[in-house]
Amino acid sequence: MSAGDPLGISGSTLHEQFRVNELADETSRAYLYKGTQLSDDLPVGIKFLKVPHGVDAEAFVKRFRHESRLHFALAQASPHVVRIHAGGSTVPPGTKTLTPFSVLEWLRGRTLAADFAERRAHWGKGRTVEEAIHLLDPAAEALAIAHFHNVVHREVTPANLFLSERLDRTTIKVLDFGLAKVLGESALAVERAQ
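Everything numeric here is computed off the predicted structure, so don't read it as measured data.

A. Looking closely at the overall build of the chain. Looking only at helices and strands, one finds four helices and nine strands in the chain. The linear arrangement of helices and strands in the chain, starting from the amino end, is β-β-β-β-α-β-β-β-α-α-β-β-α. By the compact-globule yardstick of 16 Å for 194 residues, the chain fits well, its C-alpha radius of gyration being 17 Å. Look at the contacts in the chain between residues 6 or more apart in sequence, and 53% of them connect residues 24 or more apart.

B. View of the sheet that holds strand β5 (residues 84–90). If you walk across this open sheet you meet the six strands as β1-β2-β3-β4-β6-β5, and the pairing is antiparallel. Strand pairing shows two members of the sheet lacking a second neighbour, β1 (13–14) and β5, which therefore form its edges. By the bridge criterion, two bridges tie β1 to strand β2 (residues 18–26) in an arrangement that is antiparallel. What sits directly across from Thr13, in β2, is Arg19.

C. Fine view of the sheet that holds strand β9 (residues 169–174). With antiparallel pairing, the three strands of this open sheet are ordered in space as β7-β8-β9. The open sheet has two edge strands, β7 (109–111) and β9, and neither has a second partner. Each neighbouring strand pair of the sheet contributes to a mean axis angle of 20°, computed without reference to strand direction. Here β7 pairs with strand β8 (residues 161–166) via three bridges, running antiparallel. Opposite Thr111, over in β8, you have Phe162 as the bridge partner. Together, β7 and β8 form the strand contacts of helix α2 (residues 112–122), whose direction differs from that of β7 by roughly 90°.

D. Quick peek at the nonpolar core. Judged by nonpolar contacts, the single largest core of 15 residues is most densely connected at Leu161, Ile172, Val174 and Phe177. Of all elements in the fold, only α1 (57–77), α3 (129–148), β8 and β9 reach the threshold of two or more residues within this core. With near-sequence residues (within four places) excluded, Phe177 lies in contact with His71, Leu74, Val81, Leu143, Ala146, Val151 and His153. Judged by nonpolar contacts, the second largest core, of 13 residues, contains Leu7, Leu14, Val44 and Phe48.

E. Just α3, in detail. Along its 20 residues, α3 runs 27 Å from first to last C-alpha, staying within 8% of the 28 Å computed at 1.5 Å per residue. If you look at α3, its biggest bend is around 40°, right at Leu136, and the proline Pro138 turns up within four residues after that. Turning to α3, its buried residues are Leu135, Pro138, Ala139, Ala142, Leu143, Ile145 and Ala146. The inward-facing, buried residues of α3 abut α1, α2, β8 and β9. Phi turns positive, to about 60°, at Asn150, one or two residues after α3.

F. Expanded view of the pattern of salt bridges. Under the criterion given, the structure shown has 10 salt bridges. The salt bridge involving Arg119 is made with Asp115; its shortest N-O contact spans 3.2 Å. Taken together, the positions of Arg119 and Asp115, both in helix α2 and four residues apart, correspond to about one turn of that helix. One salt-bridge network, in which partners are shared between bridges, spans Arg110, Asp115, Glu118, Arg119, Arg127 and Glu165.

Conventions and cut-offs
- Residues numbered from 1 in each chain as written.
- Predicted model: local features only at pLDDT ≥ 70, side-chain atom pairs only at ≥ 80, totals over all residues.
- Heavy atoms only, no water.
- Helix = DSSP H or I, 4+ residues; strand = E, 2+ residues; numbered from the N terminus.
- Rg over C-alpha atoms; globule rule 2.2 N^0.38 Å.
- Contact = heavy atoms within 4.5 Å.
- Pairing = 2+ DSSP bridges.
- Axes fitted to C-alpha atoms, helices over the stretch in contact; angles between N-to-C directions.
- Core = buried A, V, L, I, M, F, W, Y, C linked by side-chain atoms within 4.5 Å.
- Buried < 20%, exposed > 50% of the residue type's maximum accessible area, 1.4 Å probe, protein only.
- Expected span 1.5 Å × (residues − 1).
- Bend = angle between axes of the 7 residues up to and from the residue.
- Salt bridge = Lys/Arg side-chain N within 4 Å of Asp/Glu carboxyl O.

Now the structure itself:
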């Protein structure tokens, strides 16, 4: 296990379809690795959740699978929800702990949070109201579709809105549907057990 590969999983293949290449990002809740879909040599993101300490890993994985199916259905209903290709669980050599993962479309760009920080640092100002409405309208549409299906994101923040750069345009994608719910329920279960 190294800082560049905290799970010790780089070079591994998941479901005989997805090669794990390198760590791309780490948050308090997950590791995001860049990977490759072997069938067509396309880049993918592989998100491994950090299983909270004191949580039953098998129960956590079961809840995560349910939320992943929900996320998949929402991505089919809206092009503004990050697509999920596959999901599962594995035991990475670096942690030796059952760990759930999702294979997602690889997005080029940055989160809205990173965009805010860059704008403050370089220009000292934000977007106009008209620009903000135009930018966020697709995210609002995705959330409306989710609400129609009785799904609440629970953590709509600039860090979970991604400015995806495709060809000559930037579109917004909503990230981490279901993740907040799974992690929130697991934290609640640990609190109750203590």
